[in-house]
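Residue strings, one per chain:
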Amino acid sequence: MAEQAMLQVRHLCTSFFTEKGEIRAVDDVSLEVPAGKIVGIVGESGCGKSMTARSVMGLVKAPGKVKSGEILLDGRDIAALSEHERCAVRGSEISMIFQEPMTSLNPVVRVGRQVEEALILHEHVKRHEAEERAAEIFEAVGIPDARKRLRAWPHQLSGGLRQRVLIAMAMICRPKLLIADEPTTALDVTVEAQILRLMKKLCESGTSILLISHNLGVIAQVCDYVYVMYAGRIVEQADTFTLFDHPCHPYTKGLLDSVSSLRSGARILDTIPGVVPNLLHLPAGCSFSLRCGCCGEGCADLLPGLIETEPGHRVRCHLFDKEEPA
Ligand SMILES: Nc1ncnc2c1ncn2[C@@H]1O[C@H](COP(=O)(O)OP(=O)(O)OP(=O)(O)O)[C@@H](O)[C@H]1O
Ligand SMILES: [Mg+2]
């Protein structure tokens, strides 16, 4: 990634300190979102996608804690800011659409008012101007009858419209970075396609987007670059075309196979046997070794590094780090 990155995360570690021990939800994650690009994070449930996003936002709740790492937004390390300064960055420079769309809106406040509040809080504009801007942004995100809908209550809107309201709320302060955590998971495929088109448009107008999904199909449609996460770590990263054209990690291959078998009518995701391991009891080596069809001697004992197989394409797998240098 040669372009200047809007977001640079370096060696991020976030853990939960529980009675049973330390759970490394995010373990030495480094990633970049170049300016004006859409970058995806994909992986099964419990792999640490949301915790990565929450760490960037500065919204990890106890017993979780960001232990170490740098989070550079447009070159500035926001991980080093005070909570007060961080709060100012949230909403104005970085916005997030959370995974739980139904709980993210206040049920007893009209949706227009909720969008306006974000603007009044961060830009100190007058109510009248906030209303105008809210109407404009509702139109921009494709909410029909935008002006009328400003006065709607959340329960009067469909899931797709509520998600658009959340996107409008996230966009109204024109953030540099939008983090969207599973923004289309609760929606049907037609609405999903509309929301994804909207993300592409936002990105063309200059917003950088970090898009989290367990669905490779969604990632393929809109992302420029992809990071594959497994058990808290990045296991593969590449531009989207390369990742889909020649995936290297057995886990990525398994995820891709599951997309095609689901398309051909299979109901159960059976291409990768087993489940994501309990993060309290990870093997010392590769955490995918327990489920991996290519697991060889030493895989479970020695953690593979993230090896660059070609420029911009990295993979964390012993199949790729044994070769002698040419
Ligand atoms: N409140 C908590 N207490 C202890 N551990 C937690 C807590 N929240 C998350 N974790 C741990 O962090 C790991 C990563 O969680 P995260 O929510 O980031 O997963 P995810 O990839 O977003 O999954 P999903 O696709 O289901 O949203 C979990 O597997 C879990 O072990
Ligand atoms: Mg999540």
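Residues numbered from 1 in each chain as written. Chains lettered and ligands numbered in written order. Predicted model: local features only at pLDDT ≥ 70, side-chain atom pairs only at ≥ 80, totals over all residues. Heavy atoms only, no water.

**Re the site of ligand 1**
Now for step 1: Ligand 1 sits among 14 residues. The nearest are Ser45, Gly46, Lys49, Ser50 and Gln99.
Now for step 2: In the environment of ligand 1, an oxygen atom lies 2.8 Å from a nitrogen or oxygen atom belonging to the backbone of Gly46.
Now for step 3: Take Lys49: an N or O atom from its side chain is 2.8 Å from an oxygen atom of ligand 1.
Now for step 4: Protein contact buries 68% of the 650 Å² of open area that ligand 1 shows by itself.
Now for step 5: Those elements that place two or more of their residues in the shell around ligand 1 are strand 2 (21–34) and helix 1 (49–57).
Now for step 6: Tallying contributions element by element places helix 1 first for the shell around ligand 1, with three residues. (Near = heavy atom within 4 Å. Polar contact = N/O pair within 3.5 Å; in protein donor to acceptor, adjacent residues only side chain to side chain. Areas by Shrake-Rupley, 256 points an atom, 1.4 Å probe, with all protein chains shown as cover. Helix = DSSP H or I, 4+ residues; strand = E, 2+ residues; numbered from the N terminus.)

**Remarks on the pattern of salt bridges**
Now for step 1: Following the criterion strictly, the structure yields 16 salt bridges and no others.
Now for step 2: Linking Arg90 and Glu83 is a salt bridge whose minimum nitrogen-to-oxygen distance equals 2.9 Å.
Now for step 3: In this structure, a network of salt bridges that share partners links the residues Asp74, Arg76, Glu93 and Lys176. (Salt bridge = Lys/Arg side-chain N within 4 Å of Asp/Glu carboxyl O.)

**Structural notes on the domain arrangement of the protein**
Interface size, as often reported, equals the accessible area lost upon joining of the parts.
Now for step 1: Examined at the domain level, the protein breaks down into domain 1 (5–93 + 175–315) and domain 2 (103–174).
Now for step 2: Each of domain 1 and domain 2 has a C-alpha centre, and the two are 29 Å apart.
Now for step 3: Between domain 1 and domain 2, the residue contacts involve 20 residues of the former and 12 residues of the latter.
Now for step 4: Together domain 1 and domain 2 conceal approximately 1100 Å² of surface at their shared face, both sides included; 69% is due to carbon and sulfur atoms.
Now for step 5: Sorting the residues of domain 1 by area buried against domain 2 places Pro175, Ile195 and Leu198 first, and these three jointly supply 37% of that buried surface.
Now for step 6: Applying the counting rule to domain 1 against domain 2 returns three residue pairs in polar contact (both at pLDDT 80 or more).
Now for step 7: Of all the secondary structure elements, the ones that give two or more residues to the side of domain 1 that touches domain 2 are helix 2 (83–92) and helix 7 (189–204).
Now for step 8: When residues of the side of domain 1 that touches domain 2 are assigned to their parent elements, the largest contribution, seven residues, is made by helix 7.
Now for step 9: Class assignment of the residues belonging to the side of domain 1 that touches domain 2 gives a composition of 11 nonpolar, five polar and four charged. (Domains from an automatic or database assignment. Contact = heavy atoms within 4.5 Å. Buried area = accessible area lost by both parts, 1.4 Å probe. Nonpolar A, V, L, I, M, F, W, Y, C, P; charged D, E, K, R; others polar.)

**Some details on helix 3 (residues 111–123)**
Now for step 1: In a regular helix each residue adds 1.5 Å, so 13 residues correspond to 18 Å; helix 3 covers 19 Å between its end C-alpha atoms and thus fits that length.
Now for step 2: Among the residues making up helix 3, those that are buried are Val111, Gly112, Gln114, Val115, Glu116, Ala118 and Leu119.
Now for step 3: Buried residues in helix 3 make contact with helix 4 (127–140), helix 5 (146–149) and helix 6 (159–171). (Expected span 1.5 Å × (residues − 1). Buried < 20%, exposed > 50% of the residue type's maximum accessible area, 1.4 Å probe, protein only.)

**Remarks on the sheet that holds strand 11 (residues 307–310)**
Now for step 1: Read from one edge of the open sheet, eight strands run 6-7-8-3-9-10-12-11, paired in mixed fashion. A strand with exactly one partner marks an edge of an open sheet, and here the two such strands are strand 6 (94–97) and strand 11. Here the strands of the sheet are splayed against their neighbours by 20° on average, with no regard to which way each runs.
Now for step 2: Looking at chain direction, strand 11 and strand 12 (residues 313–315) are connected through three bridges and run antiparallel. Across the sheet, the residue bridging to Glu308 is Arg314, located in strand 12.
Now for step 3: Set on the sheet, helix 7 makes contact with strand 3 (38–42), strand 6, strand 7 (177–181) and strand 8 (208–213); between it and strand 8 the angle comes to about 155°. (Pairing = 2+ DSSP bridges. Axes fitted to C-alpha atoms, helices over the stretch in contact; angles between N-to-C directions.)

**Thoughts on the packing of aromatic side chains**
When we look at a pair of aromatic rings, we describe it by the centre distance and by the angle of the planes.
Now for step 1: Applying the stated criterion to the full structure yields three aromatic pairs.
Now for step 2: Seen from their ring centres, Tyr230 and Phe288 are 5.1 Å apart, and the 85° between their planes marks the pair as edge-to-face. Taken together, the positions of Tyr230 in strand 9 (residues 225–230) and Phe288 in the loop between helix 10 (250–263) and strand 11 put the pair 58 residues apart, joining distant regions of the chain.
Now for step 3: On the basis of relative accessibility, which here comes to 0%, the residue Tyr230 falls in the buried class.
Now for step 4: A residue is classified by how much of its surface remains accessible, and Phe288, at 3% relative accessible area, is buried.
Now for step 5: Ring pairing ties together the aromatic residues Tyr230, Tyr251 and Phe288, which thus form one cluster. (Phe/Tyr/Trp six-rings, centres within 6.5 Å; stacked < 30°, edge-to-face > 60°.)

**Concerning helix 6**
Now for step 1: Counted at 1.5 Å a residue, the expected span for helix 6 with its 13 residues is 18 Å, and the 18 Å between its end C-alpha atoms agrees.
Now for step 2: With 11 of 13 residues buried, helix 6 is to be regarded as a mostly interior element.
Now for step 3: By the burial criterion, the buried members of helix 6 are Gly160, Leu161, Arg162, Gln163, Arg164, Val165, Leu166, Ile167, Ala168, Ala170 and Met171.
Now for step 4: Elements in contact with the buried residues of helix 6: strand 6, helix 3, helix 4, helix 5, strand 7 and helix 7.

**Brief notes about the pairing of strand 10 (residues 233–239)**
Now for step 1: Burial analysis of strand 10 places six of its seven residues in the buried class, which makes it a mostly covered element.
Now for step 2: Where strand 9 folds back on strand 10, the antiparallel hairpin that results is connected by two residues, among which Ala231 adopts a positive phi of roughly 45°.
Now for step 3: The sheet contact formed by strand 10 and strand 12 spans two bridges and is antiparallel. Of the residues in strand 12, the one forming a bridge with Gln237 is Arg314.

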